[in-house]
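As a plain string of letters, each chain reads:
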Amino acid sequence: HAGPPPRFPPLPYSSKKTGLVYDSRMRLHVEPVTMAIRENDIHPEDPRRIHEIFQEIQQAGLVQGAEDPDEESKDEQCWRIHARPASKAEICLVHNPSHYEFIKSLQDMLESDLIEHANQLDSIYFHNSTFECATLAAGGAIEACRAVVRGDVRNSIAIIRPPGHHAESDQPSGFCIFNNVPIAAKVCQNDFPEKCRKVLILDWDVHHGNGIQHAFYDDPNVLYISLHVFKNGTFYPNMPDANYNFCGEGAGIGKNVNIPWADHGMGDAEYIYAFQEVVMPIATEFDPDLVIISAGFDAAEGDMLGGCHVSPACYAHMTHMLMRIAGGKIAVCLEGGYNLRSIARSALAVTRTLMLQPPDRLAEDLEAPNELAVETIRQVKRVHSKYWKSLYPKH
Ligand code: 6DK
Ligand code: ZN
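The following refers to the structure shown. (Residues numbered from 1 in each chain as written. Chains lettered and ligands numbered in written order. Predicted model: local features only at pLDDT ≥ 70, side-chain atom pairs only at ≥ 80, totals over all residues. Heavy atoms only, no water.)

## What to know about unusual backbone geometry
Working step 1: In the segment running from arginine 161 into proline 162, the intervening peptide bond is cis, with an omega of -5°.
Working step 2: With respect to the element layout, proline 162 can be found in the loop between strand 3 (155-158) and helix 6 (180-191).
Working step 3: Here tyrosine 236 and proline 237 are connected by a cis peptide whose omega angle stands at 0°.
Working step 4: For proline 237, the location among the structural elements is in the loop between strand 5 (222-229) and strand 6 (256-261).
Working step 5: Positive phi is not limited to glycine here, since phenylalanine 175 has a value of about 70°.
Working step 6: Tracing the backbone through its elements, the reader meets phenylalanine 175 in the loop between strand 3 and helix 6.
Working step 7: The backbone phi angle of alanine 326 is positive, close to 55°, even though this residue is not glycine.
Working step 8: With respect to the helices, strands and loops of the structure, alanine 326 is situated in the loop between helix 9 (312-322) and strand 8 (330-334).
Working step 9: Assessed through its relative accessible area of 13%, alanine 326 is described here as buried. (Helix = DSSP H or I, 4+ residues; strand = E, 2+ residues; numbered from the N terminus. Buried < 20%, exposed > 50% of the residue type's maximum accessible area, 1.4 Å probe, protein only.)

Next comes the structure, spelled out in structure tokens:
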């Protein structure tokens, strides 16, 4: 005799796992000591960032074979995805061959020349291992995304460095060498044209991802949405085109959505408001085949560069909302984030959400979004209601 029917139909992805990329070789890229006086002054883009995040997820018991590599994977653990170096052909989907060759040439450079080259550029450092780490970061992002598109895993997280979203086609900048997320998006579109035509890149790093915006500015198949602090060219990357009126061009018009906070200090109320009013309506209407999060955790509470107050629970809720589109196909790729405790707690909350654990509740006293944020959202809706039906003013 059959028992009662199940209360809910089974989830389509119930048996699949969350994939996780981490490779300690990405810790080798470090700032050469430039001045003897900089004793305790460690560069914020520090190799401990990825280790701290991995360790947090491992200590929560969520990593397969973390203690014993032969140990069988448990249902409630992530599936390890191996990082491999991205190829020249993959990297050159986004970058000029001359940029690739320059980064490769760092491998055999003298320290004095490494420092000299870095000084000529913007907020960047170089090391003999920079090429190895940067190709692994791009390859890690690629494999995290490919596993999701193929359906080998339900979703994935790539704990990678150096970050990518400021890197332009012909130059590194802002701690970034190769632009990991656009490379992964283009590789997936090339390798799986049927399964992966439209990609949403959602960038919640506190800085604008100028390199991502420029890589897809006229591309109708990649929607870039970025939330970032924008203070009239006085907050990195200091470019005017991070403003809300830069919407894409040509066939890509409307497919670039900037949500520029006019000041620091934004928190859960403002980010949830932006998601409800703009991000989720546009993302749902775009109906992507794959979502990639450019996941910097430098808008987190406690970050010394961002000055914002996003809680781990809020990162979990934003992830949860994005899991409702693209059939749940979502890959989370690390960008910035500099407070080691904040980034570890935030990344763990995101990972738990990817593994279908319910997000923690937001603070009971979630206040109304502040006036500056309401004004930013009003402007974004005004500009983008031309392109997105879901934003048309209701009559
Ligand atoms: N430089 C990023 O988080 C990178 O977006 C941010 C780059 C900021 C550069 C300006 C800056 C400092 C600050 C303190 C000490 C040294 C240099 F790309 C990402 F990593 F994601 O604040
Ligand atoms: Zn950042």
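## As for the packing of helix 8 (residues 268-286) against helix 9
Working step 1: Here helix 8 crosses helix 9 at 10°, and the two axes come no closer than 10 Å. Our classification of the angle between helix 8 and helix 9 gives roughly parallel. Contacts between helix 8 and helix 9 involve Asp268, Tyr271, Ile272, Phe275, Val279 and Met280 from the first element and Cys314, His317, Met318, Met321 and Leu322 from the second. (Axes fitted to C-alpha atoms, helices over the stretch in contact; angles between N-to-C directions. Parallel < 35°, antiparallel > 145°, perpendicular 65-115°, else oblique. Contact = heavy atoms within 4.5 Å.)

## Here's the deal with the coordination of the zinc ion (ligand 2)
Working step 1: Ligation of the zinc ion (ligand 2) by protein atoms is provided by Asp205 (OD), Asp205 (OD), His207 (ND1) and Asp298 (OD), these donors lying 1.9 to 2.7 Å from the ion.
Working step 2: If you look at the zinc ion (ligand 2), its six donor atoms make angles of 54 to 158° with each other, and the shape they trace is irregular.
Working step 3: The buried category is assigned to aspartate 205, whose relative accessible area is 1%. (Donors = N, O, S within 2.8 Å, 3.2 Å for Na, K, Ca; no water. Tetrahedral: all angles 85-135°; square planar, octahedral: opposite > 155°, others 65-115°.)

## Remarks on the side chain of aspartate 298
Working step 1: Of note, aspartate 298 is situated in the loop between strand 7 (290-295) and helix 9.
Working step 2: For aspartate 298, the side chain forms a polar contact with the main-chain nitrogen of valine 206, separated by 2.8 Å.
Working step 3: A polar side-chain atom of aspartate 298 sits 3.1 Å from a polar atom in the side chain of histidine 207.
Working step 4: Beyond its immediate sequence surroundings of up to four residues, aspartate 298 is in contact with Asp205, Val206, His207, Asp303, Gly306, Tyr315, Gly336, Gly337 and Tyr338. (Polar contact = N/O pair within 3.5 Å; in protein donor to acceptor, adjacent residues only side chain to side chain.)

## So, helix 10 (residues 340-354)
Working step 1: End to end, helix 10 covers 21 Å across 15 residues, agreeing with the expected 21 Å (1.5 Å per residue, within 8%).
Working step 2: Taken across its 15 residues, helix 10 has 12 buried, putting it largely inside the fold.
Working step 3: Of the positions making up helix 10, those classed as buried are Leu340, Ser342, Ile343, Ala344, Ser346, Ala347, Leu348, Ala349, Val350, Thr351, Thr353 and Leu354.
Working step 4: Taken together, the buried residues of helix 10 touch strand 1 (18-21), helix 1 (48-59), strand 3, helix 9 and strand 8. (Expected span 1.5 Å × (residues − 1).)

## Some details on the pairing of strand 7
Working step 1: With six of its six residues buried, strand 7 lies for the most part within the structure.
Working step 2: Neither face of strand 7 is exposed, since Leu290, Ile292 and Ser294 on one face and Val291, Ile293 and Ala295 on the opposite face are all buried.
Working step 3: Here five bridges tie strand 4 (residues 199-203) to strand 7, and the two strands are oriented parallel to one another. Bridging across to strand 7, valine 199 finds its partner in leucine 290. (Pairing = 2+ DSSP bridges.)

## Some details on the side chain of aspartate 205
Working step 1: Structurally, the position occupied by aspartate 205 is in the loop between strand 4 and helix 7 (210-215).
Working step 2: Buried charged residue aspartate 205 carries no salt bridge. Nearest counter-charge: arginine 49, at 6.7 Å.
Working step 3: Polar contacts involving the side chain of aspartate 205 include one to the main-chain amide nitrogen of histidine 207, which spans 2.8 Å.
Working step 4: With sequence-adjacent residues up to four places away left out, aspartate 205 is seen in contact with His165, Leu227, His228, Ser294, Gly296, Asp298, Glu335 and Gly336. (Lys, Arg positive; Asp, Glu negative; His and termini not counted. Salt bridge = Lys/Arg side-chain N within 4 Å of Asp/Glu carboxyl O.)

## As for the site of ligand 1
Working step 1: For ligand 1, the set of nearby residues contains 16 residues, the closest of which are His165, His166, Asp298, Gly336 and Tyr338.
Working step 2: Measuring from an oxygen atom of ligand 1, one finds a side-chain N or O atom of aspartate 205 at 3.1 Å.
Working step 3: Between ligand 1 and aspartate 298, the relevant distance is 2.9 Å, taken from an oxygen atom to a side-chain nitrogen or oxygen of the residue.
Working step 4: Compared with its free state, where it exposes 530 Å², ligand 1 has 77% of that area covered by protein. (Near = heavy atom within 4 Å. Areas by Shrake-Rupley, 256 points an atom, 1.4 Å probe, with all protein chains shown as cover.)

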